[in-house]
Amino acid sequence: MKLYVYCLAEGIDVRREPTLGISGASVRVLKTENLSVLVSDLEADSAPVTRENALTHAAVVRSVLDYFTPLPFRFGTVVTEQQLQSYLSTHKAILESKLESVRGRVEMSVKIIWENTIEQQPQSQNKSQVDKQGAGTMFLAEKRQQILGDEHRAAEASKISTWLHETLSELVGDEQVTLRPTERLVVSAAHLIERGKIGQYREKLAEMRQNRPDLHFLSSGPWPPYSFANIGLEFKTQFGVS
Amino acid sequence: METFVIEEWEETELSLLETLDHVLNRGLVIAGEMTISVADIDLIFVGLNVLVSSVETANEVLRKRQSE
């Protein structure tokens, strides 16, 4: 029998409300010293990625968020109890530090999308031009235009990201920002903010929307701090390992 | 037309997409113990071009596991 692991938190003694987890198993609390982990039994070795399972995972983690800010595990974390206990004892200090950093805070998410994709202006390529300049020259000219357009979009994305950062900096405790993860997505950002500042955060975003109608904002939250839970990423950032 | 589609997502699917994006792509990982199966995948957002990273991530994990 393995354990499906949902999240880690401090001081959860009993479940306030009985919750069903993956495969309909009851969610329970596994305690180790000061750390509590929400788990449920799983007969299989893995949890299939289905919409139902993903939403169940999210619902269990969210059920804790009303009372504490947990450190969520990524979907699909299946271990033996011995492996989990070993993980908790090995990483106790950093996990406690992480819990401290998210205490009283939640994650807010914002994705900014180009409302109108900046398109290249295709050069007219009639036969006479090709004959005049040569196919090779035309190809290089188009390639150059493509690169310039890409550089322009990158510069614009960087400007928007800076604007987002500066506008929200007073409210944001920590942030994870990805520039242009896809062609149309300019910026994807996760912000860690105090629970009491959610209203101000939304107001700021509303102002930003009004100031830049050429951009489309997709905002959501509050979330458990999924984007701020990863120990590996912190190690990478802290020690500059790439 | 494209804007309309995005607005529709915002109303009906954004919450689900964001949930999937969070739980599949982020969170604590116990190294070497993450087990994901996409055999029974029925996520509804395959084919959308804004928030497909979750499926891509799941597929990448699967590919890595298969190549090991």
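Note that this is a predicted model, so its numbers are computed, not measured.

**Details of the packing of aromatic side chains**
The description of an aromatic ring pair rests on the distance of the ring centres and on the angle between the ring planes.
All names here are of chain A.
Right, so step 1: For the structure shown, the criterion picks out 4 aromatic pairs over all chains.
Right, so step 2: Taken together, the ring pairs in this structure connect Y4, Y6 and F75 into an aromatic cluster.
Right, so step 3: Sitting above the plane of the W223 ring, R62 keeps its charged end 5.4 Å from the centroid.
Right, so step 4: The cationic tip of R212 hangs over the ring face of W163; the distance from NZ or CZ to the ring centre is 5.9 Å.

**Focus: the environment of A:L215**
Right, so step 1: Its place among the elements puts A:L215 in strand β10 (residues 215-223).
Right, so step 2: What makes A:L215 buried here is its relative accessible area of 6%.

**Notes on the sheet that holds strand β8 (residues 172-179) of chain A**
Residue and element names in this part refer to chain A.
Right, so step 1: Ordered by their spatial adjacency, 4 strands build an open sheet running β8-β9-β7-β10, and the pairing between neighbours is antiparallel. The strands lining the two open edges of the sheet, one partner per strand, are β8 and β10. Each strand axis lies, on average, 15° off the axis of its neighbour in the sheet, ignoring direction.
Right, so step 2: Across 9 bridges, the pairing between strand β7 (residues 105-114) and strand β9 (residues 185-194) is antiparallel. Across the sheet, M108 pairs through a bridge with H191, a residue of β9.

**Thoughts on helix α6 (residues 198-211) of chain A**
All names here are of chain A.
Right, so step 1: The terminal C-alpha atoms of α6 lie 20 Å apart, and with 14 residues this matches the ideal 20 Å at 1.5 Å per residue to within 8%.
Right, so step 2: Within α6, burial applies to I198, Y201, L205 and M208. Projected onto a plane normal to the axis of α6, the buried residues spread over an arc of 80° and lie on a single side. Exposed side chains of α6 directed beyond 90 degrees from the buried face belong to E203, Q210 and N211.

**Quick notes on the domain arrangement of chain A**
Residue and element names in this part refer to chain A.
Right, so step 1: Considered domain by domain, chain A is made up of domain 1 (2-103) and domain 2 (106-223).
Right, so step 2: Contact with domain 1, which involves 7 residues of that partner, is made by 5 residues of domain 2.
Right, so step 3: Together, the buried faces of domain 1 and domain 2 total about 440 Å²; carbon and sulfur atoms form 46% of this surface.
Right, so step 4: In this assembly, domain 1 and domain 2 are joined by 0 salt bridges.
Right, so step 5: Listing elements by their share of the side of domain 1 that touches domain 2, those giving two or more residues are α1 (51-65) and α3 (92-102).
Right, so step 6: Of the residues belonging to the side of domain 1 that touches domain 2, the class tally is 3 nonpolar, 2 polar and 2 charged.

**Some points on the confidence of the model for chain A**
Residues and elements named next belong to chain A.
Right, so step 1: In the predicted model, chain A carries a mean pLDDT of 83, and the fraction of residues at 70 or more is 82%.
Right, so step 2: When mean pLDDT is compared element by element in chain A, strand β5 (residues 71-72) scores highest at 95, while helix α7 (residues 231-239) scores lowest at 44.
Right, so step 3: In this model, residues 233-242 is a region of pLDDT below 50 whose contacts with residues beyond four sequence positions or in other chains number 6 contacts.

What counts and how
- Residues numbered from 1 in each chain as written.
- Chains lettered and ligands numbered in written order.
- Predicted model: local features only at pLDDT ≥ 70, side-chain atom pairs only at ≥ 80, totals over all residues.
- Heavy atoms only, no water.
- Phe/Tyr/Trp six-rings, centres within 6.5 Å; stacked < 30°, edge-to-face > 60°.
- Lys NZ or Arg CZ within 6 Å of the ring centre and 35° of its normal.
- Helix = DSSP H or I, 4+ residues; strand = E, 2+ residues; numbered from the N terminus.
- Buried < 20%, exposed > 50% of the residue type's maximum accessible area, 1.4 Å probe, protein only.
- Pairing = 2+ DSSP bridges.
- Axes fitted to C-alpha atoms, helices over the stretch in contact; angles between N-to-C directions.
- Expected span 1.5 Å × (residues − 1).
- Arc of directions from axis to C-beta.
- Domains from an automatic or database assignment.
- Contact = heavy atoms within 4.5 Å.
- Buried area = accessible area lost by both parts, 1.4 Å probe.
- Salt bridge = Lys/Arg side-chain N within 4 Å of Asp/Glu carboxyl O.
- Nonpolar A, V, L, I, M, F, W, Y, C, P; charged D, E, K, R; others polar.
- pLDDT = per-residue confidence, 0-100.

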